[in-house]
Amino acid sequence: MNETFDLVVSGGEVMTPAGRRRADVAITDGRIAAIGDVPSTAAGASLDARGLMVLPGIVDTQVHFREPGHEEKEDLAHGSRSAVAGGVVAVFEMPNTNPPTTTPAALEDKLERARGMWCDHAFFAGASDDNHDELAELELHPGCCGVKIFMGSSTGSLLVADDEALASVLRSGRRRVAIHAEDEFRLAERRHLAVEEGHPRAHPVWRDVETALRATRRIVTLARDAARPIHVLHVTTAEEIAFLGSAKDIATVELLPQHLTLAAPECYERLGGFAQVNPPIRDSRHRDALWRGIDQGIVDVMGSDHAPHTAEEKKRPYPETPGGMPGVETMLPILLNHVAEGRLTLERLVDLLCYGPQRLYNIRGKGRISVGYDGDLTLVDLKETRTISHAQQHAKCGWTAYEGMTVTGWPRATVIRGHVAMRDGEISDTPTGKPVRFWDT
């Protein structure tokens, strides 16, 4: 081998599509050029991976970086630094900003702002009551990862609640549509329960199982009628998992680490509004069912739903507290800890965070360690023990719901298209993020 490569990641155990093996990974011009034994003389630059596991670059397909409009909570720069600190090479950012991402101009504005991001990125187009006819064209815009529907109100103003409007959105376009499945009509009927209780422990009572299941059943029926694939985000209930196991012909499934790790009522008593997310964290019966959904192959991907709010907002009296928590930086450590404790295999983790996103969204060049793919790698120490703290976080809000939690497994380096974006906790001085490419666009 007489070639010289831009970067050689040497000596690690590599998670290839054929399984784990000790190998070097060589990258040239931003793409993987060789996997195997690469002589040190062939390396323009090198990264020592001895004692580490080399995973495909982690893709987080649900983040809210709040820019434009709510930069006091988060922005693209802080959010993307938080991503690479957590081993994430690419993020898909949600449209409920201000203004919302519902027009070509709004999407172009985000792509222009994203020139300062540390990780690769794509942006969802938001479905609204007045842009159904434009969605088929908007979803094909370079840098767009697809369309997002909010069936129930959450942060921001985007909402498509009734069946006629939902059917119209699903008929406009062909790419997989991401769904926030909570029934807005039931939410409105039950909000008084949250007001009367006045404590976040009422959050899963207000936004109850029926609120989620009713919306999920509705959208699956509508999707089948429209022959349009959907992706049901942040599933939280045992009932939805059972139902979606019979809907794999049309629907894929996402889970979040917080719903697999925390449980009601303890999390609300301990964290108050800082545990409040939409849909809510529920009791251990539902948490156990989500794990069974992973074991049975019903779950397709994992996302963080990184959705920061300021600490001041989270301390307001419930239910005036907003729903959402940061998570792009802690997603991989939390899931690696589940690997260490035997609840998840490393192979399944890679399927949920790398292969799954690539399959669902037809991502070009990411999600696997293969020659010709982007030089995206996430290096982790499976044995390193750390305690998560507020002080570690790069998110602008400066807090985490996992403060004080000790985990085993930690990201040690993030390589994006051959550029070392993070190494041993130190983030590169230069943001090099680019738009993610898709086969559909």
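Please refer to the structure higher up on the page.
Nothing here was measured: the structure is a model prediction, and the numbers come from that model.

A.B. asks: Which residues make up the pattern of salt bridges, and what values do they have?
C.D. replies: Where side chains of opposite charge bring their charged atoms close, a pairing between them can arise. According to the stated counting rule, one finds 37 salt bridges in the structure shown. A salt bridge links Glu112 to Arg115, with the nearest nitrogen and oxygen atoms 3.0 Å apart. Glu112 sits in the partly exposed class, given a relative accessible area of 47%. Classification of Arg115 as exposed rests on a relative accessible area of 61%. Among the ionic pairs, Asp249 bridges to Arg224, the shortest N-O distance being 2.8 Å. Here the residue Asp249 occupies a position in the loop between α8 (238-244) and β12 (251-255), and Arg224 occupies one in helix α7 (residues 209-226), the gap between them amounting to 25 residues.

A.B. asks: Please set out a negative patch on the surface residue by residue, giving values where relevant.
C.D. replies: Together, Asp129, Asp130, Asp133, Glu134, Glu137, Asp162 and Glu164 give the surface a local cluster of negative charge. Within the element layout of this structure, Glu164 appears in helix α4 (residues 163-171). Owing to a relative accessible area of 67%, Glu164 belongs among the exposed residues under this scheme.

A.B. asks: How would you sum up the side chain of Thr237? Please name residues and give values.
C.D. replies: As for its position among the elements, Thr237 is in the loop between β11 (230-232) and α8. Only 2.9 Å separates the side chain of Thr237 from the side chain of Glu240, close enough to count as a polar contact.

A.B. asks: Any details on the packing of aromatic side chains? Residues and values, ideally.
C.D. replies: For the coordinates displayed, the defined rule picks out 5 aromatic pairs. Each ring, one from Phe92 and one from Phe124, has its centre 6.3 Å from the other, and the planes form 75°; the classification is edge-to-face. With Phe92 in strand β7 (residues 88-93) and Phe124 in strand β8 (residues 120-126), this residue pair connects regions lying 32 residues apart in the sequence. Residue Phe92 shares its accessibility class with Phe124, and that shared class is buried. One aromatic cluster is present, built from ring pairs that chain together Phe92, Phe124, Tyr361 and Phe438. A cation sits over an aromatic face here: Arg81 above Trp118, 5.0 Å from the ring centre.

A.B. asks: Please set out the environment of Asp283 residue by residue, giving values where relevant.
C.D. replies: One can find Asp283 in the loop between α10 (266-271) and α11 (284-295). C-alpha of Asp283 to C-alpha of Cys267: the two residues are 16 residues apart in sequence and 9.6 Å apart in space. Sequence-distant contacts of Asp283, that is, excluding residues within four places in its chain, are made with Ala263 and Ala264.

A.B. asks: Which residues make up the nonpolar core, and what values go with them?
C.D. replies: General note: in soluble globular proteins, nonpolar side chains tend to be found buried as a group. Core analysis: the largest hydrophobic core is formed by 94 residues, its most contacted members being Phe92, Ile149, Ile230 and Leu349. Of the residues forming this core, the biggest block, 8 residues, is contributed by helix α14 (residues 346-361). Those residues in contact with Ile230, other than ones at most four positions away along the chain, are Leu170, Arg176, Val177, Ile179, Ile219, Val220, Ala223, Ile250, Ala251 and Thr252. By size, the runner-up hydrophobic cluster in this structure holds 20 residues, among which are Ala264, Leu271, Ala401 and Trp410.

A.B. asks: Tell me about the sheet that holds strand β13 (residues 301-302), residues and numbers included.
C.D. replies: Reading across from one edge, β6-β7-β8-β9-β10-β11-β12-β13 is the order of the 8 strands in this open sheet, with parallel pairing throughout. In the strand order of this sheet, the two ends are held by β6 (58-63) and β13, each with one partner. By the bridge criterion, 4 bridges tie β6 to β7 in an arrangement that is parallel. Bridge assignment links Val59 to a residue of β7, and that residue is Ala90.

A.B. asks: How would you explain α11 if you had to name every residue and give the values?
C.D. replies: For α11, with 12 residues, the first-to-last C-alpha span of 16 Å sits near the 16 Å given by 1.5 Å per residue. All of the buried residues in α11 are His286, Ala289, Leu290, Trp291, Gly293 and Ile294. With a side-chain oxygen positioned 3.1 Å from the backbone nitrogen of Arg285, the residue opening α11 is Asp283. Within two residues after α11, Gly297 carries a phi angle of roughly 80°, on the positive side.

A.B. asks: So what about the environment of Leu344? Which residues, and what values?
C.D. replies: Inspection of the secondary structure puts Leu344 in the loop between α13 (331-340) and α14. A residue is classified by how much of its surface remains accessible, and Leu344, at 5% relative accessible area, is buried. Between the C-alpha atoms of Leu344 and His78, which are 266 residues apart in sequence, the distance is 30 Å. Non-local contacts of Leu344, meaning those with residues more than four positions away in its chain, are made with Trp291, Ile294, Leu335, His338, Val339, Leu349 and Leu352.

Calculation criteria
- Residues numbered from 1 in each chain as written.
- Predicted model: local features only at pLDDT ≥ 70, side-chain atom pairs only at ≥ 80, totals over all residues.
- Heavy atoms only, no water.
- Salt bridge = Lys/Arg side-chain N within 4 Å of Asp/Glu carboxyl O.
- Buried < 20%, exposed > 50% of the residue type's maximum accessible area, 1.4 Å probe, protein only.
- Helix = DSSP H or I, 4+ residues; strand = E, 2+ residues; numbered from the N terminus.
- Patch = residues over 30% accessible without salt bridge, like charges linked within 9 Å, V, L, I, M, F, W, Y side chains within 5 Å.
- Areas by Shrake-Rupley, 256 points an atom, 1.4 Å probe, with all protein chains shown as cover.
- Lys, Arg positive; Asp, Glu negative; His and termini not counted.
- Charge placed at Lys NZ, Arg CZ, Asp CG, Glu CD.
- Polar contact = N/O pair within 3.5 Å; in protein donor to acceptor, adjacent residues only side chain to side chain.
- Phe/Tyr/Trp six-rings, centres within 6.5 Å; stacked < 30°, edge-to-face > 60°.
- Lys NZ or Arg CZ within 6 Å of the ring centre and 35° of its normal.
- Contact = heavy atoms within 4.5 Å.
- Core = buried A, V, L, I, M, F, W, Y, C linked by side-chain atoms within 4.5 Å.
- Pairing = 2+ DSSP bridges.
- Expected span 1.5 Å × (residues − 1).

On their own, these measurements won't tell you what the molecule is for.
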